[in-house]
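Here are the chains, one letter per residue:
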Amino acid sequence: MLIKPIYELLPFTYMAIGGLSLLYLEPKYAIAAAILIYLLGARIYILRSNNRRTDLKRKRKQGIMPQTLYNYLPFLCILAASILYRLVPRDSSVLIAICLLTYGLYILMRRASYRNHRVPASSF
């Protein structure tokens, strides 16, 4: 069993490794593996986030977007920004990548402030 600080950092570590690998590795299979690692880190974060929610279900708004797409939206924006920056290195694409990155981080921060997450107490 992992100690709590390492356990809590795992999804962010997976996403960081995937993102950095996407930016720096050259082979196509390495880029595909980097995207997969990034998305698996995002999946772990989403599962933990949904499990730790303390906001009331009746106060949650139902949108028109499917729940899976809604959960992955900030991570897909950040991933799209990384891919755009990596594969299309032009001046305008860098600006669009910065906008996508900023929007993805904004959504993540906004959701974290609305959901009032509760970190489980240690069992020891």
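In this report, the structure presented in the accompanying data block is examined. Quantities reported herein were computed from a predicted structural model and do not represent experimental measurements.

### Regarding the overall build of the protein chain
Regarding its fold elements, the protein chain presents 4 helices and 0 strands. Across the protein chain, helices and strands are ordered from the amino to the carboxyl terminus as α-α-α-α. Projected onto the principal axes, the alpha-carbon positions of the protein chain cover approximately 45 × 40 × 20 Å. For the protein chain, the proportion of its 124 residues judged to be buried stands at 28%.

### A few points about a nonpolar patch on the surface
A contiguous nonpolar patch, built from Leu2, Ile3, Ile6 and Tyr7 and spanning about 390 Å² of accessible area, is present on the exposed surface. With respect to the secondary-structure elements, Leu2 resides in the segment before helix H1 (4-24). Classification of Leu2 by relative accessible area gives partly exposed; the value is 47%.

### Digging into the layout of surface pockets
Its volume calculated, the second largest pocket comes out at about 410 Å³. Looking at the second largest pocket, it is lined by 19 residues, and the ones nearest its centre are Gly19, Tyr38, Ile78, Ser82 and Leu101. Elements represented by at least two residues in the lining of the second largest pocket include exactly H1, helix H2 (28-51), helix H3 (67-87) and helix H4 (91-115). Looking at the lining of the second largest pocket, its residues break down into 17 nonpolar, 2 polar and no charged.

### Concerning the packing of aromatic side chains
Counting across every chain of the model gives 2 aromatic pairs. Measuring from ring centre to ring centre gives 5.6 Å for Phe12 and Tyr45, while their planes differ by 65°; the resulting arrangement is edge-to-face. Residue Phe12 is found in helix H1, and its partner Tyr45 is found in helix H2; the two are separated by 33 residues along the sequence. For Phe12, a relative accessible area of 43% gives the class partly exposed. Put simply, the rings of Phe12, Tyr45 and Phe75 touch in pairs and so form one group of aromatic residues. Sitting above the plane of the Tyr7 ring, Arg48 keeps its charged end 3.9 Å from the centroid.

Analysis parameters
- Residues numbered from 1 in each chain as written.
- Predicted model: local features only at pLDDT ≥ 70, side-chain atom pairs only at ≥ 80, totals over all residues.
- Heavy atoms only, no water.
- Helix = DSSP H or I, 4+ residues; strand = E, 2+ residues; numbered from the N terminus.
- Buried < 20%, exposed > 50% of the residue type's maximum accessible area, 1.4 Å probe, protein only.
- Patch = residues over 30% accessible without salt bridge, like charges linked within 9 Å, V, L, I, M, F, W, Y side chains within 5 Å.
- Areas by Shrake-Rupley, 256 points an atom, 1.4 Å probe, with all protein chains shown as cover.
- Salt bridge = Lys/Arg side-chain N within 4 Å of Asp/Glu carboxyl O.
- 1 Å grid on protein atoms, 1.4 Å probe; cavity = no way out; pocket = protein on both sides within 12 Å on 5 of 7 lines; lining within 4 Å.
- Points joined across faces, edges and corners; volume = space filled by probe spheres on them.
- Nonpolar A, V, L, I, M, F, W, Y, C, P; charged D, E, K, R; others polar.
- Phe/Tyr/Trp six-rings, centres within 6.5 Å; stacked < 30°, edge-to-face > 60°.
- Lys NZ or Arg CZ within 6 Å of the ring centre and 35° of its normal.

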